[in-house]
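Secondary and tertiary structure notes
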Amino acid sequence: MKSSAGSFEEFQRGCKNAIPICLGYIAVSFAFGIEASKIGMTTFQAAMTSLLNVTSAGQFSALELIARNGSFVELAILQFIINLRYMLMSCALSQKLDTSVSTGHRLGISYGVTDEIFALSVLQKGKLYPAYSYGLIVTSVFGWVFGTTLGAISGQIMPQRLISCLGLAIYGMFIAIIIPDTRINKAVLAVVVSAMGLSTVFTFAPFLKDHISGGFRIIIITIVASALAAVFAPIKHEDKEAGGKEA
């Protein structure tokens, strides 16, 4: 009979299932390591940032604040808003855990809740065992930190021209994520366009660009664009069943 934490076989299965995530994380975190190196972070600082955060969008958005010595309040609010979705994911995963799973194990699982790990976890049949989650986390986080380390080291030894070219990888990644959805979902397209428009206004409007920092621009744009989408294009129950497409 399994304990509430699961067996070593569950841990091994989690490690095996997370190999594709690990490989994908190496590619993305390599770009983060490059960007971290460009703003003067050491390899150790970049690696620890990835180890303690494990959030691509949150880490990339924080680089600008770190580069210009932004306030801790600004950084905390920014991270809270960008990573707010993980709270919802954690609530969903908690429903798959046995009631006997301790608070310590629940906190351990919460450390590694990312979009990809959540997807694998929520699709597991029956109860979710902490041992399986730990397998997913260990393998995935290894790839995330390893890629960051490689990127940071490369950023310190490669020619500046090549570093600038590789720095474009993160923009390509976000474009690759966004474009397919905008082609099939007008609501997503509207959110992207409105966010771009607001970003342009905050960047070039005389008063706004001089009195609102980059970090708070991101915070305001995120809240406004999300609020508009929630009001004018809410996801209805039938939309979810149809794969999120407009009815």
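For the structure, check the block above.
For every chain, the first residue of the written sequence is number 1, and numbering continues from 1 along that sequence. Selection of residues for local features in this predicted model requires a pLDDT of at least 70, selection of side-chain atom pairs for listing and counting requires 80 or more, and totals for whole chains, interfaces and linings are taken over all residues. Hydrogens are left out, water is left out, and the side-chain values use all remaining heavy atoms of the structure.

**Some remarks on the overall build of the protein**
A run of H or I in DSSP becomes a helix once it reaches four residues, and a run of E becomes a strand once it reaches two; helices and strands are each numbered from the N terminus. For the protein, the helix and strand inventory stands at 15 helices and zero strands. For the protein, buried positions account for 35% of its 247 residues. Summed over its atoms, the accessible surface of the protein is roughly 14,200 Å², and 70% of this surface lies on carbon and sulfur atoms. Residue burial is assigned from relative accessible area. The probe radius is 1.4 Å, only protein chains are included, and a residue is buried under 20% of its type maximum, exposed over 50%, and partly exposed in between. Per-residue and other accessible areas were derived by the Shrake-Rupley procedure at a 1.4 Å probe size, with only the shown protein chains allowed to occlude residues.

**Brief notes about empty space enclosed by the protein**
Only protein atoms enter the 1 Å grid used here. Points where a 1.4 Å probe fits but cannot escape make up a cavity, open sets with protein on both sides within 12 Å along at least five of seven lines make up a pocket, and a residue lines them when an atom lies within 4 Å of a point. Grid points are joined across faces, edges and corners, and a volume is the space filled by probe spheres set on the points. Evaluated as defined, the whole model comprises one cavity of 30 Å³ or more. The calculated volume of the largest cavity comes to roughly 30 Å³. Leu93, Ile109, Gly112, Val113, Ile117, Ser121, Leu128, Ser133 and Ile137 are the residues that line the largest cavity. Of all the secondary structure elements, the ones that give two or more residues to the lining of the largest cavity are α8 (115-122) and α9 (130-157). Of the residues belonging to the lining of the largest cavity, the class tally is six nonpolar, three polar and no charged. Each residue is assigned to one of three groups, with Ala, Val, Leu, Ile, Met, Phe, Trp, Tyr, Cys and Pro labelled nonpolar, Asp, Glu, Lys and Arg labelled charged, and all others, Gly among them, labelled polar.

**A short note on the environment of Phe30**
Mapped onto the secondary structure, Phe30 falls in helix α2 (residues 19-38). Residues Phe30 and Gly155, spaced 125 residues apart in sequence, show a C-alpha to C-alpha distance of 9.6 Å.

**Thoughts on the pattern of salt bridges**
Basic side-chain nitrogens of Lys or Arg form a salt bridge, by our definition, when they fall within 4 Å of a carboxyl oxygen of Asp or Glu. Counted according to the given criterion, the structure contains four salt bridges. For Arg85, the salt bridge is made with Asp115, and the minimal N-O distance between the two is 3.0 Å. With Arg85 in helix α6 (residues 85-94) and Asp115 in helix α8, this residue pair connects regions lying 30 residues apart in the sequence. With a relative accessible area of 28%, Arg85 lands in the partly exposed category.

**Some thoughts on the packing of α6 against α8**
It is at 11 Å that the axes of α6 and α8 come closest, and there the two elements cross at 20°. Considered as vectors, α6 and α8 are oriented roughly parallel to each other. Every pair of crossing elements has a handedness; the one defined by α6 and α8 is left-handed. Touching Arg85, Tyr86, Met89, Ala92 and Leu93 of α6 are Asp115, Phe118, Ser121 and Val122, all from α8. Class assignment of the residues belonging to the contact of α6 with α8 gives a composition of six nonpolar, one polar and two charged. Lines fitted to C-alpha atoms define the axes, with helix axes restricted to the stretch in contact, and inter-axis angles between N-to-C directions lie between 0 and 180 degrees. Angles are sorted into four bins: roughly parallel if under 35 degrees, roughly antiparallel if over 145, roughly perpendicular if 65 to 115, and oblique for all others. Crossings are classed by handedness, with left-handed meaning an anticlockwise turn of the near helix from the far one by less than a right angle and right-handed meaning a clockwise turn. For this analysis, residues touch if any pair of their heavy atoms sits within 4.5 Å.

**Points about the environment of Phe146**
Note on placement: Phe146 falls in helix α9. Since its relative accessible area comes to 37%, Phe146 is described here as partly exposed. Note: C-alpha distance between Phe146 and Ala47 (99 residues apart in sequence) is 7.7 Å.

**Re the packing of aromatic side chains**
Between rings of Phe, Tyr and Trp, where Trp is taken as its six-membered ring, a pair exists when centres lie within 6.5 Å; planes separated by under 30 degrees are stacked, by over 60 edge-to-face, and by other angles tilted. Throughout the structure, instances matching the rule amount to four aromatic pairs. A centroid spacing of 5.4 Å and a plane angle of 70° characterise the contact between Tyr25 and Trp144, whose relative ring orientation is edge-to-face. With Tyr25 in helix α2 and Trp144 in helix α9, this pair connects stretches of sequence that are 119 residues apart. Since its relative accessible area comes to 8%, Tyr25 is described here as buried. Seen in terms of ring centroids, Phe32 and Phe60 are 5.4 Å apart; in terms of plane orientation they differ by 90°. Their pairing is edge-to-face. Residue Phe32 is located in helix α2, and its partner Phe60 is located in helix α4 (residues 56-67); the two are separated by 28 residues in the primary sequence. Classification of Phe60 as buried rests on a relative accessible area of 13%.

**Describing the side chain of Ser29**
Looking at the element boundaries, Ser29 is found in helix α2. With relative accessibility at 0%, the residue Ser29 sits in the buried group.

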